[in-house]
Amino acid sequence: QKEVEQNSGPLSVPEGAIASLNCTYSDRGSQSFFWYRQYSGKSPELIMFIYSNGDKEDGRFTAQLNKASQYVSLLIRDSQPSDSATYLCAGDRGSTLGRLYFGRGTQLTVWP
Amino acid sequence: DAGVTQSPTHLIKTRGQQVTLRCSPKSGHDTVSWYQQALGQGPQFIFQYYEEEERQRGNFPDRFSGHQFPNYSSELNVNALLLGDSALYLCASSQTLGTHSSYNEQFFGPGTRLTVL
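Scoring rules and cut-offs
Numbers given for residues are sequential positions, taken from 1 along each chain in its written order. Here the convention is simple: chains get letters from A, ligands get numbers from 1, in the order in which they are written. It should be noted that, the model being predicted, local features are given only for residues of pLDDT at least 70 and side-chain atom pairs only at 80 or more, the latter also being counted only at that level, while totals for whole chains, interfaces and linings use all residues. As a convention, hydrogens and water are excluded, and side-chain values are obtained from all of the structure's heavy atoms. A run of DSSP states H or I qualifies as a helix once it reaches four residues; a run of E qualifies as a strand once it reaches two. Both are numbered from the N-terminal end. For this measure, only C-alpha atoms enter the radius of gyration; the expected value for a globule follows 2.2 Å times N^0.38, where N is the number of residues. Burial here depends on accessible area, computed with a 1.4 Å probe over protein chains only, as a share of the maximum for the residue type. Under 20% is buried, over 50% is exposed, and the range in between is partly exposed. The criterion used for residue contact is that any of the two residues' heavy atoms lie within 4.5 Å. Each accessible area is a Shrake-Rupley estimate made with a 1.4 Å probe; only the visible protein chains count as cover when residues are assessed. We count Lys and Arg on the positive side and Asp and Glu on the negative side, and we leave His and both chain ends out. Where a charge lies is defined by one atom per residue type: Lys uses NZ, Arg uses CZ, Asp uses CG and Glu uses CD. Cysteine sulfurs are considered disulfide-paired once they come within 2.5 Å of each other. Only centres within 6.5 Å qualify two rings of Phe, Tyr or Trp (six-membered ring in Trp) as a pair; their planes then separate them into stacked at under 30 degrees, edge-to-face at over 60, and tilted for everything else. Accessible area that two parts lose when put together, with a 1.4 Å probe and added across both, is what the buried area reports. Any carboxyl oxygen of Asp or Glu within 4 Å of a side-chain nitrogen of Lys or Arg constitutes a salt bridge here. We define a polar contact as two N or O atoms separated by no more than 3.5 Å, with the added condition that, inside protein, one atom must be a possible hydrogen donor and the other a possible acceptor, whereas residues neighbouring each other in sequence contribute only through side-chain atom pairs. When residues are grouped by polarity, Ala, Val, Leu, Ile, Met, Phe, Trp, Tyr, Cys and Pro land in nonpolar, Asp, Glu, Lys and Arg in charged, and all others, Gly among them, in polar.

The next subject is the overall build of chain A. Per the secondary structure count, chain A includes 0 helices and 11 strands. The helix and strand sequence of chain A, counted from the amino end, reads β-β-β-β-β-β-β-β-β-β-β. Relative to the compact-globule value of 13 Å for 112 residues, chain A shows a C-alpha radius of gyration of 13 Å, a close match. Expressed as a percentage of the 112 residues in chain A, the buried residues total 45%. Looking at chain A alone, contacts between residues at least 24 apart form 53% of all its contacts between residues at least 6 apart. Approximately 5200 Å² of chain A is accessible, and the part contributed by carbon and sulfur atoms is 46%. With 11 positive and 11 negative side-chain charges, chain A shows a spacing of 6 Å between the two charge centroids.

In structure tokens, the structure reads:
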């Protein structure tokens, strides 16, 4: 079982809709979780991180963490075509040394 | 404030050759991690350097080695290249925090695309 798993997608939503991206993890020792956005041919760009149960909002993005269910999600409100990218979920498995374990990513397409 | 930089951008090598990739971390960061990202996959951790030493290592063979310099910049060396080494190599920098912190934000550089023929 991989440490971090993402729904394989791809996910396609119309402009203005809410895009929901999901991720599960296997190591209960994991403390911090990160969502990265990666445009084709580019490097990952950090969108949000979360380490407390509940919701964390930043503009159009909301990260949700449920440690009991070992579940992390990212909601993108009012989706725009510029949000079209691959979204990577990563966890730290409890390490404080900066090693991250990534899922394989979910490809999101927002169509006009 | 300069972000993470990597060189070269692209590289083409043949099987059996050796390659060196370079990374300069974000200003104020002292820790450099290297990741390999194969096409369609998430990044996989290779190793991490802190205080000029390899602090932790992922599941990669000894053909992969590295170095960190006093200015915190780093190199990744791969010997005896295989076709399967073709990937995007990402450098991520971070700041090592106290043991009570669980915050591990990593900032990625633009990557080096390595193609092995």
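Having seen the structure, we can now continue with the description.
With that out of the way, let us pick up the state of the cysteines. Counted by the stated rule, this structure contains 2 disulfides over all chains. What pairs with Cys23 of chain A in a disulfide is Cys89 of chain A, and their sulfur atoms sit 2.1 Å apart. With the S-S dihedral at roughly -70°, the linkage between Cys23 of chain A and Cys89 of chain A falls on the left-handed side. Linking Cys23 of chain A in strand β3 (residues 19-25) with Cys89 of chain A in strand β9 (residues 85-91), this pair joins segments that are 66 residues apart in sequence. Judged by relative accessible area, Cys89 of chain A falls into the buried class, the value being 0%. Between the sulfur atoms of Cys23 of chain B and its disulfide mate Cys91 of chain B the distance is 1.8 Å. Disulfide Cys23 of chain B-Cys91 of chain B: torsion about the S-S bond near -55°, hence left-handed. Residue Cys23 of chain B is located in strand β3 (residues 19-24), and its partner Cys91 of chain B is located in strand β9 (residues 87-94); the two are separated by 68 residues in the primary sequence. Both residues of the pair, Cys23 of chain B and Cys91 of chain B, count as buried.

Below, the discussion takes up the packing of aromatic side chains. In the structure shown here, the tally under the stated rule is 11 aromatic pairs over all chains. Ring centres of Tyr36 of chain A and Phe108 of chain B lie 5.3 Å apart, and the angle between their planes is 85°; this geometry places the pair in the edge-to-face category. Residue Tyr36 of chain A is located in strand β4 (residues 33-38), and its partner Phe108 of chain B is located in strand β10 (residues 107-108); the two belong to separate chains. Relative accessible area serves as the criterion here: at 0%, Tyr36 of chain A is assigned to the buried category. Between the aromatic rings of Phe102 of chain A and Tyr35 of chain B, the centroid separation amounts to 5.7 Å while the plane-to-plane angle is 85°, which identifies the pairing as edge-to-face.

Take the interface of chain B and chain A next. On the chain A side, the residues contacting the 26 residues of chain B number 22 residues. Both faces combined, the contact of chain B with chain A buries some 2000 Å², and carbon together with sulfur accounts for 50% of it. Taken together, chain B and chain A are joined by 0 salt bridges. In this structure, the connection of chain B to chain A is made through 5 residue pairs in polar contact (both at pLDDT 80 or more). For the side of chain B that touches chain A, a count of residues per class yields 8 nonpolar, 15 polar and 3 charged.

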